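Each chain is listed here by its residues.
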Amino acid sequence: MLDDLKANNRAWAARKIAGDPGFFKRLEGQQAPEYLWIGCSDSRVPANEIVDLDPGELFVHRNVANLAPPQDANYLSVLQFAIDVIKVKHVMVVGHYGCGGIAAAVDGKRRGLVDHWLHPIREVCHDHRHELDAIPEERARLDRLCELNVIRQVKNVASDVFVQDAWARGQPICVHGWVYSLSTGLVNDLGVTVGGLDDLVKLDDPPRC
């Protein structure tokens, strides 16, 4: 079973060693990343490759539509571990244009359990319905919803007690909102970086990107 994947693994490991003999030894002792990436589970968005980092340089949490819901123990465990144990300096919430989760949240179709997971996106859509309704082209409308969702998740992360407690004790953490383009390979910084409580207040009026 899956012999082709195991063969791919051996070939990949051999290429890594040929290009960098110390790669795996270095990786074995490397777990001090400065960055937490909260991204989408979409297979077309390889987190560390997008920013050209080795796996040990990026702590990664992924789920459908890159959500940071305050009631999700999985996400919260990753966030706390990243802040309190690894002591990351940057948290990036990274969505991507053409996200299937964003489209599924608002297309009116029933999909079962995932509909509950995607409900926060429908809330974002409702909160910004006047802006979104004014965008005539569907793809552009979904792209803007993707941006607005990232901004909402940045606000969720920055509002969390783990982040705010870190700020209170003087630990530097910035929360950033990016959207990755599948068509160009480039990230779009939405300009919503939060490095403290004063920045958080500004997210009540999301910028147009």
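Look up: the structure comes first, before these words.
Residues numbered from 1 in each chain as written. Predicted model: local features only at pLDDT ≥ 70, side-chain atom pairs only at ≥ 80, totals over all residues. Heavy atoms only, no water.

1. Observations regarding the packing of helix H4 (residues 73-86) against helix H10 (residues 161-168)
Moving on, step 1. Viewed as axis vectors pointing N to C, H4 and H10 meet at an angle of 15°, and their least axial separation amounts to 9 Å. Relative to H10, the element H4 lies roughly parallel. Considering only the axes of H4 and H10, their crossing is right-handed. Residues Leu76, Leu79, Gln80 and Ile83 of H4 lie in contact with H10, whose contacting residues are Phe162, Val163 and Ala166.
Moving on, step 2. Here the residues of the contact of H4 with H10 sort into 6 nonpolar, 1 polar and no charged. (Axes fitted to C-alpha atoms, helices over the stretch in contact; angles between N-to-C directions. Helix = DSSP H or I, 4+ residues; strand = E, 2+ residues; numbered from the N terminus. Parallel < 35°, antiparallel > 145°, perpendicular 65-115°, else oblique. Left-handed = near helix turned anticlockwise from the far one by under 90°. Contact = heavy atoms within 4.5 Å. Nonpolar A, V, L, I, M, F, W, Y, C, P; charged D, E, K, R; others polar.)

2. A closer look at unusual backbone geometry
Moving on, step 1. With a phi angle near 55°, Leu2 is a residue other than glycine that sits in the positive phi range.
Moving on, step 2. Structurally, the position occupied by Leu2 is in the segment before helix H1 (3-19).
Moving on, step 3. In the Ramachandran plot, Lys87 falls in the positive-phi region, its phi being about 65° despite a non-glycine side chain.
Moving on, step 4. Its place among the elements puts Lys87 in the loop between H4 and strand S3 (90-96).

3. A few points about the packing of aromatic side chains
Moving on, step 1. By the definition in use, this model includes 3 aromatic pairs.
Moving on, step 2. Ring geometry for Trp12 versus Phe24: centroids 5.5 Å apart, planes at 75°, classification edge-to-face. You can see Trp12 sitting in helix H1 and its partner Phe24 sitting in helix H2 (residues 23-28), a full 12 residues away along the chain.
Moving on, step 3. According to the relative accessible area criterion, Trp12 is partly exposed, its value standing at 37%. (Phe/Tyr/Trp six-rings, centres within 6.5 Å; stacked < 30°, edge-to-face > 60°. Buried < 20%, exposed > 50% of the residue type's maximum accessible area, 1.4 Å probe, protein only.)

Keep in mind these values describe shape, not function.
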